[in-house]
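Okay, here's what each chain looks like letter by letter:
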Amino acid sequence: MPGGCAPGVAVDQTYLLILAAAAIVAIGAVLIIRDRMRRDAREKTPLDSPYATSTEGMKVCPRCGMGNLWTDRTCISCGSALKG
Ligand SMILES: [Zn+2]
């Protein structure tokens, strides 16, 4: 190997250890960023369609689409009777 930059095995191992540590840190950073992006996506998704379908513990008014408590018999918004 002419012109090699590896003077000794000990130094080479240290260099590999530094490379491995740097790679682990880089991978960890990528995983953290991905996890944050996934969390952001999960948090943003429900806001798009809050009352699209009947949610548990809620009654969606068939007339105005207002979300009411499941204990309510009439809509708090328009006063129409709620099903269920
Ligand atoms: Zn209503």
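In this text, all values refer to a predicted model and were calculated from it rather than measured experimentally.

Procedures and definitions
Residues numbered from 1 in each chain as written. Predicted model: local features only at pLDDT ≥ 70, side-chain atom pairs only at ≥ 80, totals over all residues. Helix = DSSP H or I, 4+ residues; strand = E, 2+ residues; numbered from the N terminus. Buried ≥ 20, exposed ≤ 12 C-beta atoms within 10 Å, placed from the backbone. Contact = placed C-beta atoms within 7 Å. pLDDT = per-residue confidence, 0-100.

### Section: the overall build of the protein
No. 1: The secondary structure content of the protein amounts to 1 helix and 2 strands.
No. 2: Along the protein, from the amino end to the carboxyl end, the secondary structure elements read α-β-β.
No. 3: Here the protein holds 84 residues, and 4% of them are scored as buried.
No. 4: Considering only residue pairs separated by 6 or more positions, the protein has 2% of its internal contacts joining residues 24 or more positions apart.

### Digging into the confidence of the model for the protein
No. 1: Of all residues in the protein, 71% have pLDDT values of 70 or greater, and the mean over the chain is 81.
No. 2: The least confident element of the protein, judged by mean pLDDT, is helix H1 (residues 9-48) at 85; the most confident is strand E2 (residues 67-69) at 89.

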